Amino acid sequence: MHLLGRLRRDEGGAAAIEFALWSTAFFFAIMAAMDFGMYYLERGKMNEAVGAAAVASFSDADNVDFGQLPAYVRSLADNQSIVVSTACNGSAGSCTNLNRSCSCLKSDGTYVATTCGNMCTGTGVTAGSTAGYYLTIDASQGFTPMILPNGILANSTIAQHATIRLQ
């Protein structure tokens, strides 16, 4: 009985056990912060890449190299796994530098075909705007966190989108 009482009062090694518990909790907190940091870093790189592709397209609006835009976005983001698609006036694969058709952009992101130079009229379009030729760049990639559980960042998709009026 005397030995049992003495063991109960002995506090030797308590600091080591507390350190092990606190360092494990600290490790998981740091890993969660790194998951969020990596998510926002990847999103920021993709945002900059899509924005730069939009500016480059606008700068050379009459002669956009639509075939190279996806590679340009991937290169700027330094990530070859990004899925990049382009569409003009809402139609994928219809981008051209010759014989462009024009549309009016509606507030819900859809388009209404209109003759180039005509005023945009109707529900959801900006009053007083004229029909134009619109390029849309969409980029996305999956994101898998290192430690965060399902539902927080697991199976998340990072996506960025830009629409540019070329004409």
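The text that follows walks through the structure, step by step, so that each part is easy to find. (Residues numbered from 1 in each chain as written. Predicted model: local features only at pLDDT ≥ 70, side-chain atom pairs only at ≥ 80, totals over all residues. Heavy atoms only, no water.)

**A short note on a nonpolar patch on the surface**
Stage number 1. The grouping of F26, I30, M34, M38, L41 and M146 at the surface amounts to a nonpolar patch, some 580 Å² of accessible area in total.
Stage number 2. With respect to the helices and strands, the residue M146 is situated in the loop between β5 (134-143) and β6 (156-165). (Patch = residues over 30% accessible without salt bridge, like charges linked within 9 Å, V, L, I, M, F, W, Y side chains within 5 Å. Areas by Shrake-Rupley, 256 points an atom, 1.4 Å probe, with all protein chains shown as cover. Salt bridge = Lys/Arg side-chain N within 4 Å of Asp/Glu carboxyl O. Helix = DSSP H or I, 4+ residues; strand = E, 2+ residues; numbered from the N terminus.)

**Some thoughts on the state of the cysteines**
Stage number 1. Tallying each qualifying case throughout the model produces three disulfides.
Stage number 2. Each disulfide pairs two cysteine sulfurs, and for C102 the partner residue is C116, the sulfurs being separated by 1.9 Å. Between C102 and C116 the sulfur-sulfur dihedral comes to about 90°; the bridge is accordingly right-handed. A residue pair is termed long-range when its members are at least 10 positions apart, and C102 in strand β3 (residues 102-105) and C116 in the loop between β4 (111-114) and β5 qualify at 14 residues. (Disulfide = S-S within 2.5 Å.)

**Some words on the environment of T126**
Stage number 1. Tracing the backbone through its elements, the reader meets T126 in the loop between β4 and β5.
Stage number 2. Once the C-alpha coordinates of T126 and C104 are considered, the two residues, 22 residues apart in sequence, prove to be 8.4 Å apart.
Stage number 3. Once residues lying within four places of it in the same chain are set aside, the contact partners of T126 are L105 and C120. (Contact = heavy atoms within 4.5 Å.)

**Quick look at the nonpolar core**
Stage number 1. Within the largest apolar cluster, 25 residues are counted, with the highest numbers of intra-cluster contacts made by F66, V73, L135, I137 and L166.
Stage number 2. Taken together, the elements giving at least two residues each to this core come down to α2 (14-59), α3 (69-77), β1 (83-88), β5 and β6.
Stage number 3. With six residues, α2 is the single largest residue contributor to this core.
Stage number 4. Ignoring sequence-local partners within four residues, the contact set of F66 consists of C88, C95, T96, N97, R100, L135 and L166. (Core = buried A, V, L, I, M, F, W, Y, C linked by side-chain atoms within 4.5 Å. Buried < 20%, exposed > 50% of the residue type's maximum accessible area, 1.4 Å probe, protein only.)

**Some details on the packing of α2 against α3**
Stage number 1. Here α2 crosses α3 at 140°, and the two axes come no closer than 8 Å. Overall, the two elements α2 and α3 adopt an arrangement that is oblique. Along this stretch, α2 crosses α3, giving a crossing that reads as right-handed. Contact with α2, carried on its side by K45, M46, A49, V50, A52, A53, A56 and S57, involves L69, Y72, V73, L76 and A77 of α3 and no other residues of that element.
Stage number 2. For the contact of α2 with α3, a count of residues per class yields 11 nonpolar, one polar and one charged. (Axes fitted to C-alpha atoms, helices over the stretch in contact; angles between N-to-C directions. Parallel < 35°, antiparallel > 145°, perpendicular 65-115°, else oblique. Left-handed = near helix turned anticlockwise from the far one by under 90°. Nonpolar A, V, L, I, M, F, W, Y, C, P; charged D, E, K, R; others polar.)

**A short note on α3**
Stage number 1. Three or more residues of α3 are buried, namely L69, P70, V73 and A77. Down the axis of α3, the smallest arc covering the buried residues is 105°, so these residues share one side.
Stage number 2. On the buried face of α3, the contacting elements are α2, β1 and β5.
Stage number 3. Two residues or fewer after α3 comes D78, characterised by a positive phi angle close to 55°. (Arc of directions from axis to C-beta.)

**A word on the pairing of β1**
Stage number 1. As judged from the six bridges shared by β1 and β5, these two strands associate in the antiparallel manner. Bridge pairing in β5 places V83 opposite S140.
Stage number 2. Inspection of the sheet shows β1 paired to strand β2 (residues 91-92) by two bridges, in the antiparallel sense. Along β2, the bridge assignment pairs C88 with S91.
Stage number 3. Taking the residues between adjacent antiparallel strands as the criterion, β1 and β2 are bridged by two residues, where N89 takes a positive phi near 50°. (Pairing = 2+ DSSP bridges.)

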